[in-house]
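Observations on the model geometry
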Amino acid sequence: MERKLNAELWDKMHYLFRDFNDRMVHVELEYDYEIDINALKTVLICFFEKAPVFHSSFTDNHIKPYWTVNRYNIDDVLTVKEINEEDRAKEVDEFLTQYIPPEAPLQMKVCVFRYGGKNTLCIVENHMCMDGGDFKYFMKALCSNYNGYLKDGVSPLDLRQGSRSYKTVYKDLSKTDKKAAESLYKNINKKDDHRFPFTKSSDEDKSFIARKVISPEKFVKIRTEGKKYGATINDMLMAAYFYSLYELAGFDESESVSISCAIDLRRHIKDTNNMGVTNHTAWMQCKIPELGRDIFETLQYAIRSANQFKQDKYMGLYGLPLLSLGYKIMPHAASEEIIKIGYSNPLIAMSNIGILEVDKLALDGHEPVRGFMSGAVKYKPYVLLSATSMRNELTLSMCVRGNDEDKKIVSDFFDLMEKNIDILIGESGETKAE
Amino acid sequence: MKRIMEYIDSAFEGVPESEVLYKYKQKLVAELTERANELTHSGLDDENVIYDLIVSEHPDLKGEYKELLNEIKAKKRKKTTFILRIIGSVIYAMVTVLIYLGISFVTGAWGRTWVFLVSAVLVYVSYIIFLIVGMLTKRRSMFHPLSRILLAVNVNIYTLIVFLVLFVVFGIKGAWLTFVFGVLAMMTVDGIYAEKAAERFAIFFHIGYIMPAAAMIYIILSSLHIVPWHPGWIMIPASLVIIFAVIMVRIAIHNKHTELEETEDDSEWNEN
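Quick notes on the rules
- Residues numbered from 1 in each chain as written.
- Chains lettered and ligands numbered in written order.
- Predicted model: local features only at pLDDT ≥ 70, side-chain atom pairs only at ≥ 80, totals over all residues.
- Helix = DSSP H or I, 4+ residues; strand = E, 2+ residues; numbered from the N terminus.
- Rg over C-alpha atoms; globule rule 2.2 N^0.38 Å.
- Contact = placed C-beta atoms within 7 Å.
- Buried ≥ 20, exposed ≤ 12 C-beta atoms within 10 Å, placed from the backbone.
- Pairing = 2+ DSSP bridges.
- Axes fitted to C-alpha atoms, helices over the stretch in contact; angles between N-to-C directions.
- Parallel < 35°, antiparallel > 145°, perpendicular 65-115°, else oblique.
- Nonpolar A, V, L, I, M, F, W, Y, C, P; charged D, E, K, R; others polar.
- Expected span 1.5 Å × (residues − 1).
- Domains from an automatic or database assignment.
- pLDDT = per-residue confidence, 0-100.
- Core = buried A, V, L, I, M, F, W, Y, C linked by C-beta atoms within 7 Å.

Looking at the overall build of chain A
The helix and strand inventory of chain A stands at 12 helices and 15 strands. Relative to a compact globule of 434 residues, whose C-alpha radius of gyration would be 22 Å, chain A shows 22 Å and is just as compact. Projected onto its principal axes, the C-alpha positions of chain A cover 65 × 55 × 45 Å. For chain A, the share of sequence-separated contacts (at least 6 apart) that also reach a separation of at least 24 residues comes to 76%.

A few points about the overall build of chain B
A count of helices and strands for chain B gives 10 helices and 0 strands. The order of α-helices and β-strands along chain B, N terminus first, is α-α-α-α-α-α-α-α-α-α. Against the globule reference of 19 Å for 272 residues, chain B gives a C-alpha radius of gyration of 31 Å, more extended than a compact globule. Once the C-alpha set of chain B is aligned to its principal axes, its extents read approximately 90 × 70 × 30 Å. Put simply, of all contacts in chain B between residues at least 6 apart along the chain, 54% involve residues at least 24 apart.

Let's talk about the pairing of strand β3 (residues 56-59) of chain A
All names here are of chain A. Here β3 shows one buried face, formed by S56 and F58, and one open face, formed by S57 and T59. Sheet analysis places β3 next to strand β4 (residues 66-69), joined by 4 bridges and oriented antiparallel. Looking at β4, one finds that T59 is bridged to Y66. A loop of 6 residues connects β3 with β4, the two strands running antiparallel in sequence.

Let's talk about the sheet that holds strand β2 (residues 24-31) of chain A
Residues and elements named next belong to chain A. A sheet is described by the order of its strands in space; here 5 strands give the open sequence β5-β6-β7-β2-β12, paired in mixed fashion. Edge strands, defined here as strands with exactly one partner in the open sheet, are β5 (78-82) and β12 (370-374). Looking at each pair of strands side by side, their axes are set apart by 10° on average, direction ignored. Bridge analysis of β2 against strand β7 (residues 118-126) gives 8 bridges, and the strand direction is antiparallel.

Overview of the pairing of β2 of chain A
Along any regular strand, the residues point their side chains to alternate faces of the sheet. Residues and elements named next belong to chain A. Extensive coverage of β2 is indicated by the burial of 7 of its 8 residues. Relative to β12, β2 is paired through 5 bridges, and the arrangement is antiparallel. Of the residues in β12, the one forming a bridge with L29 is G371.

Observations regarding the packing of helix α7 (residues 216-228) of chain A against helix α8 (residues 233-249) of chain A
Residues and elements named next belong to chain A. It is at 9 Å that the axes of α7 and α8 come closest, and there the two elements cross at 95°. With respect to α8, the element α7 is oriented roughly perpendicular. Here α7 contributes I222, R223 and G226 to the contact with α8, which in turn contributes I233, D235 and M236. Residues belonging to the contact of α7 with α8 are distributed by class as follows: 3 nonpolar, 1 polar and 2 charged.

Structural notes on helix α5 (residues 110-138) of chain B
Residue and element names in this part refer to chain B. An ideal rise of 1.5 Å per residue puts 42 Å on 29 residues; α5 measures up with 43 Å between its terminal C-alpha atoms. Those residues of α5 that sit buried are T113, S119 and V133. Taken together, the buried residues of α5 touch α4 (61-107) and α6 (144-169).

What to know about the domain arrangement of chain B
Each assigned domain of chain B is listed here: domain 1 (2-59) and domain 2 (113-252). Measuring from the centre of the C-alpha atoms in domain 1 of chain B to the corresponding centre in domain 2 of chain B gives 57 Å.

Considering the confidence of the model for chain B
Mean pLDDT over chain B stands at 88; residues scoring 70 or higher make up 92%. Listed scores for the predicted complex are pTM 0.80 and ipTM 0.88.

Some remarks on the environment of K212 of chain A
Residues and elements named next belong to chain A. Tracing the backbone through its elements, the reader meets K212 in strand β8 (residues 206-214). Taking the number of C-beta atoms within 10 Å as the measure of exposure, K212 has 19 and is therefore partly exposed. Measuring from C-alpha to C-alpha, the distance between K212 and C122 comes to 18 Å, with 90 residues separating the pair along the chain. If sequence neighbours within four positions are ignored, K212 has contacts with L396, F414, M417 and E418.

Brief notes about the nonpolar core
Residues M238, A239, Y241, F242 and A302 of chain A are the most contacted members of the largest nonpolar core, which totals 133 residues. For this core, the element with the most residues is α8 of chain A, which contributes 11 residues. Ignoring any residue separated from it by four or fewer positions in sequence, one finds F242 of chain A in contact with V257, I259, I288, T298 and A302 of chain A. Residues V133, A214, M216 and Y218 of chain B belong to the second largest nonpolar core, which totals 14 residues.

Describing unusual backbone geometry
A cis amide bond links K380 of chain A to the next residue, P381 of chain A, at an omega of 10°. Tracing the backbone through its elements, the reader meets P381 of chain A in the loop between β13 (378-379) and β14 (383-390). With an omega of 15°, the peptide bond running from H230 of chain B to P231 of chain B counts as cis. Within the element layout of this structure, P231 of chain B appears in helix α9 (residues 229-232). One non-glycine residue, R23 of chain A, lies in the positive phi region at around 65°. Topologically, R23 of chain A is positioned in the loop between α1 (9-16) and β2. Its 22 C-beta neighbours within 10 Å are what place R23 of chain A among the buried residues. Positive phi is not limited to glycine here, since R391 of chain A has a value of about 50°. Mapped onto the elements, R391 of chain A comes out in the loop between β14 and β15 (393-402).

Comments concerning the environment of A231 of chain A
Residues and elements named next belong to chain A. Tracing the sequence through the fold places A231 in the loop between α7 and α8. The class of A231 is buried, set by 25 C-beta atoms lying within 10 Å. Placed 20 residues apart in sequence, A231 and F251 show a C-alpha to C-alpha distance of 24 Å. Those residues in contact with A231 that lie beyond four places of it in its chain are G226, M236, L299 and I303.

Some words on the environment of N392 of chain A
Residue placement: N392 of chain A occurs in the loop between β14 and β15. Expressed as a C-alpha distance, the spacing of N392 of chain A and I339 of chain A, which sit 53 residues apart in the sequence, is 40 Å.

Below, the structure is given as structure tokens:
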């Protein structure tokens, strides 16, 4: 008998984002080690069985969309490719920029690239199934289950299972807070028309992932110098992002600009044990009133804006009941149209994915030497800056569908980011204006 | 396959054999074997993992069996209840008619005894409405407004019965007050339902009902000469004090709840 899964609120929302991005989440981990393919296959099958949404196809039913669980063969999920080391970057990018349609029978693709005794593990998955937060958890669980299976023959079944509903964000709130949070119909994110200065979209545009690695020395300084200003790493990156944007796009210095920063709604959940892998992400719209006299003033604006959100105990929970109501009271096709009118997808955004912990991502005792994770490929003019760190090395990445000129623009943007980070951490010789 | 059979057998050790259990075990064997085949088809060739995965999907076979037994019982109970309701309804109708005829023939007050017959029919209608309300309340909150309307209808049914008894049977002229009391009862019942069903905006109903309820109480008490019409009307504006008190209590309850512990601002980077 055909097995169907409920399409949760965020599944539907990410489906609605099809006009803004390709909904793929990417991870790349490089190992100085040959991965045991059979063991990896075993772990993946077990995980797919634990989270059937990965081998399901989405049906855009006009009344009520749903997932249909499909039979699959692991060889359709996992590919092993022998390559030359010099082709690695090209091959990896080609794999990572692929698009998995929601109607496809599988929602995750895995590839192991093998070259000269080294392996690069790449995974692409549909954001409708899970967000960066759970993808990070998935990767750690994958590695620990792989290790347990390889070393002690323990069946790799240790993946969280349970509800994928957005409502689990309310489960650990007090009764009154829950009631209040469930009444937060207001959408607090305002529309901002400032855009990243990409070229115009064309049919020849291709997906690409641009990366910038910030050295461990600088990353450590971002943290330590940030503390002096009362800023988190996120605030520091945000300030550099703002400043670079004004410089790159030539926004008027007196103009107010906003950048939406992804927030993990799991901060409201105390126990995630009985939850399935899913999406629990919202946006925090950081807004600065003007550029500021220098980047340090921009930083203060960014801190102030972020703190306003952090002081709110319902951070990120605004608008969820409205979305839920929208989907509940109308057929899906109608609710999509209504939500599209009311929901403004941020044009400029940042996703602070955080640390990729090498000890937890080690395979058979071999820690990854490099790696990063990034959000979906955005369609112009939308842009998302993803930030991950590994071994204190910060990787900034942008997945864009564009042309060579856009690549150049992103590259210039990254240079500006590094320059502004240098100023913030006092490596450029520029000092704070008094 | 052998291990799966053993797992099934060991799970039901000590459970008395029965036809239901036999059929259930057969169904389980077929299901779990099919599952094992499905996993093999997916590319899983480690038998231990297949076994562990299947067991992890059915960690409590005894519990599943108990659930099945409960389902069977529930189905039987539902069927019995349905039959009992039909028999009960027929008996109720017959007894009602018999009592009506008995009272009417004995007293000869045909002009008043019809109230009994009408009331009995209304009580039956009210019973049906209660069953529907119970069913709707268990469903999603979008059905609650319908439940509340039906409850209001029910309150009106009883108001009508009381009015008929007081006016037709006892000839009390002030029986019209029953309808004023009925409005009061309707608001009270609705308020209680909103609270019990944890309606999201229950507080607004409570607040909204207080002043009209005060007006109804004022009319009843003044009509019965328990309080004078003047200055008894003060009850209505005085209800504002109760409204204020309700709001204050609700705010106090809201503020009393502890705040949720929030994670560190920089949690994503803390371990670096």
